[in-house]
Amino acid sequence: MAENASLSQQENNRNVEILYSLAEIYYSMHLINLVEDTVIPFSSRDEVKTIVNKKTDASAQMKEVMSSTVVDDFKEAALKFTDLKTLAKRMKHRKLLEAQFVGNRIGWFVASFIKVESDSEGRAVKVLFTTRSIDEEKRKEENLINESNTDELTGFYNRRAYDMTAKYFAKNGLGENFVYVSIDINGLKVVNDTIGHGAGDELILGACDCMKKAFSDYGKLYRVGGDEFVAILSASENELELIKEKLKVAISSWKGQLVDSVSMSCGYVVKSETINLALHDISVLADKRMYEDKSRYYRQAGFDRRGQRDAHVALCALYTKILKISLTDDSYQIINIDKDEQREELGFSLKVSEWLHKFGEAGLIHPDDLEDYYRKTDFSFIREHFKNSTDSLMFTYRRKYGKDYRKVMMEIIPANDYSETSQYYFLYVKKIE
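In this text, all values refer to a predicted model and were calculated from it rather than measured experimentally.

**Student:** Talk me through the sheet that holds strand β10 (residues 321–326); I want residue IDs and the actual numbers.
**Tutor:** On the basis of which strands lie adjacent, the open sheet formed by five strands has the order β11-β10-β14-β13-β12 and antiparallel pairing. On the outer flanks of this sheet lie β11 (331–337) and β12 (393–401), each paired with one strand and no other. This sheet shows a mean twist of 20° between the axes of neighbouring strands, independent of strand direction. As paired strands, strand β13 (residues 404–414) and strand β14 (residues 424–431) are joined by seven bridges and run antiparallel to one another.

**Student:** Describe in detail the packing of helix α9 (residues 197–215) against helix α10 (residues 237–253), supporting the description with residues and values.
**Tutor:** The N-to-C vectors of α9 and α10 enclose an angle of 150°; their axes lie 8 Å apart at closest approach. Taken as axis vectors, α9 and α10 run roughly antiparallel relative to one another. α9 and α10 meet at a crossing whose hand is right-handed. Contacts between α9 and α10 involve Cys 210, Met 211, Lys 213, Ala 214 and Phe 215 from the former and Ile 243, Lys 246, Leu 247, Ala 250 and Ile 251 from the latter. Grouping the amino acids of the contact of α9 with α10 by side-chain chemistry returns eight nonpolar, no polar and two charged.

**Student:** If you had to explain the layout of surface pockets to someone new, which residues and values would you point to?
**Tutor:** Each pocket or cavity is described by its volume, and for the second largest pocket that value is around 500 Å³. Those elements giving two or more residues to the lining of the second largest pocket turn out to be α7 (159–172), β6 (178–185), β8 (228–234) and α11 (279–301). Class assignment for the residues of the lining of the second largest pocket results in 17 nonpolar, three polar and five charged.

**Student:** For the sheet that holds β6, give the residues involved together with the corresponding values.
**Tutor:** The antiparallel open sheet is built from four strands, whose spatial order is β7-β8-β6-β9. Sheet topology places β7 (219–223) and β9 (264–270) at the edges, where each strand pairs with a single neighbour. On average, adjacent strands in this sheet sit at an angle of 15° to one another, irrespective of strand direction. In terms of strand pairing, β6 meets β9 through seven bridges, oriented antiparallel. Bridged to Val 179 within β9 is Val 270. Packed on one face of the sheet, α9 meets β6, β7, β8 and β9 and runs near 160° to β6.

**Student:** Quick one: what's the story with the pairing of β13, residue by residue and with numbers?
**Tutor:** When a strand is regular, its side chains alternate between the sheet's two faces. Pairing analysis gives nine bridges linking β12 to β13, with the strands arranged antiparallel. Its bridge partner lying in β13, Leu 393 is registered against Ile 412. Between β12 and β13, which follow one another and run antiparallel, lie two residues, and Gly 402 among them has a positive phi close to 65°.

**Student:** Residues and numbers for the nonpolar core, please.
**Tutor:** Within the largest apolar cluster, 33 residues are counted, with the highest numbers of intra-cluster contacts made by Val 181, Ile 183, Met 211, Phe 215, Leu 247 and Met 264. Of all the elements in the fold, those that place two or more residues in this core are β6, α8 (188–194), α9, β8, α10 and β9. Grouped together as the second largest cluster of nonpolar side chains are 25 residues, Val 352, Phe 359, Ile 365 and Met 410 included.

**Student:** Lay out the side chain of Asn 192 in plain terms, naming residues and giving numbers.
**Tutor:** Structurally, Asn 192 is set in helix α8. Taking the relative accessible area as the measure of exposure, Asn 192 reaches 18% and is therefore buried. There is a polar contact of 3.4 Å between the side chain of Asn 192 and the side chain of His 197. With residues up to four places along the chain from it excluded, the contact list for Asn 192 reads His 197 and Gly 200.

**Student:** Any chance you could break down empty space enclosed by the protein for me, citing the residues and the numbers?
**Tutor:** Considering all chains together, one arrives at one cavity of 30 Å³ or more under this definition. Each pocket or cavity is described by its volume, and for the largest cavity that value is around 110 Å³. Along its surface, the largest cavity is lined by 14 residues, and Lys 321, Leu 356, Tyr 373, Met 410 and Val 429 are the ones closest to its centre. Among the elements of the structure, β10, α13 (352–361), β12 and β14 are those that each provide at least two residues to the lining of the largest cavity. Take the lining of the largest cavity: its biggest share by element is four residues, from α13. Of the residues assigned to the lining of the largest cavity, the class counts are ten nonpolar, one polar and three charged.

**Student:** Can you break down the environment of Leu 277 residue by residue, with the values?
**Tutor:** Mapped onto the secondary structure, Leu 277 falls in the loop between β9 and α11. Accessibility expressed as a relative area gives 12% for Leu 277, which makes it buried. Separated by 132 residues in sequence, Leu 277 and Met 409 have C-alpha atoms that sit 9.7 Å apart. Apart from residues lying up to four places away in sequence, Leu 277 is in contact with Ile 282, Met 394 and Thr 396.

**Student:** A description of the pattern of salt bridges should follow, citing residues and the corresponding values.
**Tutor:** Applying the stated criterion across every chain yields a total of 15 salt bridges. Here Glu 292 and Lys 288 are joined by a salt bridge, their closest N and O atoms 2.7 Å apart. With a gap of four residues between them, Glu 292 and Lys 288 both fall in helix α11, about one helical turn apart. Pair check on accessibility: Glu 292 and Lys 288 agree, each one buried. Two residues, Asp 372 and Arg 375, come together in a salt bridge whose shortest N-O distance is 3.0 Å. Taken together, the residues Asp 372 and Arg 375, both in helix α14 (residues 367–376) and three residues apart, mark about one turn of the helix.

How each quantity is defined
Residues numbered from 1 in each chain as written. Predicted model: local features only at pLDDT ≥ 70, side-chain atom pairs only at ≥ 80, totals over all residues. Heavy atoms only, no water. Pairing = 2+ DSSP bridges. Helix = DSSP H or I, 4+ residues; strand = E, 2+ residues; numbered from the N terminus. Axes fitted to C-alpha atoms, helices over the stretch in contact; angles between N-to-C directions. Parallel < 35°, antiparallel > 145°, perpendicular 65-115°, else oblique. Left-handed = near helix turned anticlockwise from the far one by under 90°. Contact = heavy atoms within 4.5 Å. Nonpolar A, V, L, I, M, F, W, Y, C, P; charged D, E, K, R; others polar. 1 Å grid on protein atoms, 1.4 Å probe; cavity = no way out; pocket = protein on both sides within 12 Å on 5 of 7 lines; lining within 4 Å. Points joined across faces, edges and corners; volume = space filled by probe spheres on them. Core = buried A, V, L, I, M, F, W, Y, C linked by side-chain atoms within 4.5 Å. Buried < 20%, exposed > 50% of the residue type's maximum accessible area, 1.4 Å probe, protein only. Polar contact = N/O pair within 3.5 Å; in protein donor to acceptor, adjacent residues only side chain to side chain. Salt bridge = Lys/Arg side-chain N within 4 Å of Asp/Glu carboxyl O.

Honestly, that's just the spatial picture; any functional story needs more than this.
This is the structure we're talking about:
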């Protein structure tokens, strides 16, 4: 018996020695008896020692430690995680509980409850509570994430970050003052071809500087292509007007060493236009408006016809169908169209009203969307819409491609030569899924 007691004492001594050795790794380590509500410290730093050495129960000590050492943003979660009164139940049949928080002094740390002893029902009776700093690891992780989400030249968020933002909005919805801006730098190809890529980089950075001055107080900026940018903002109607004016002033005052001036084309979409639209749908609409702005820029500038053609081609490439339609005489002019769209089995007709209606009869529109499609492509509905509003008529429906349905957007806007007696409109159709 005496020999067994001696061996047991030796084992206990080794266990304690191991615990104290491990304690050097951790910021703090404490053995907590949940039944007796007591705590035995193995290691702790000064700010924790002064609290743990007080003659209070373990629950009160834990609450005071978390309240005084964890930053405000994490305090509520930390107090809930370290609530010793609920811990036994939370650790039933579990050996480990862990969570990460931010401390006032040590930054990011991981807090762990390790089950040491349990009762007959598997609930924790004694636990080892440890904390370990992971601030350096977190900073490295954050730096890697920032690098992977940042465009190297401009410092803006990159395409990867933009795709993550799109997923966030798909899950959480759009904010009350949501604004989406599609931005393209005018004339970058000409600068690259005639002055060189160094000048092209200067033009890009100059444009970015202007964007920062106008947009950065209201949201995030993304570089999604070579000269293509997106701003996702939260701004009221009045703030948006101020943003546009800031951008105009910044552009007019910029001058580089190799390039004399900078110009950008922008397409804006605001919250009121985004009902039932996913971010991808919104980006398509913003791109269309941006290309229209680019076309106006080249017309007003009166030069670089090649650039104007490029803008027109880029705009047309976004759509499977662009028609200039007349409600006055039920006719149309084809601006751009996929060849497959001009088939009789798809409802193709010489009258635009027949074409639109027969397309619905062709069985290519999802049955649940057909009634809304007929209603919104009816001439009387279109006339009534533009009688009461200057906003574009835009709606989505599901169209059959092969065996599957894909979402399609149709938008109708008045043409420049529209009048009540000559009702000309542009009709755009675009696949958005």
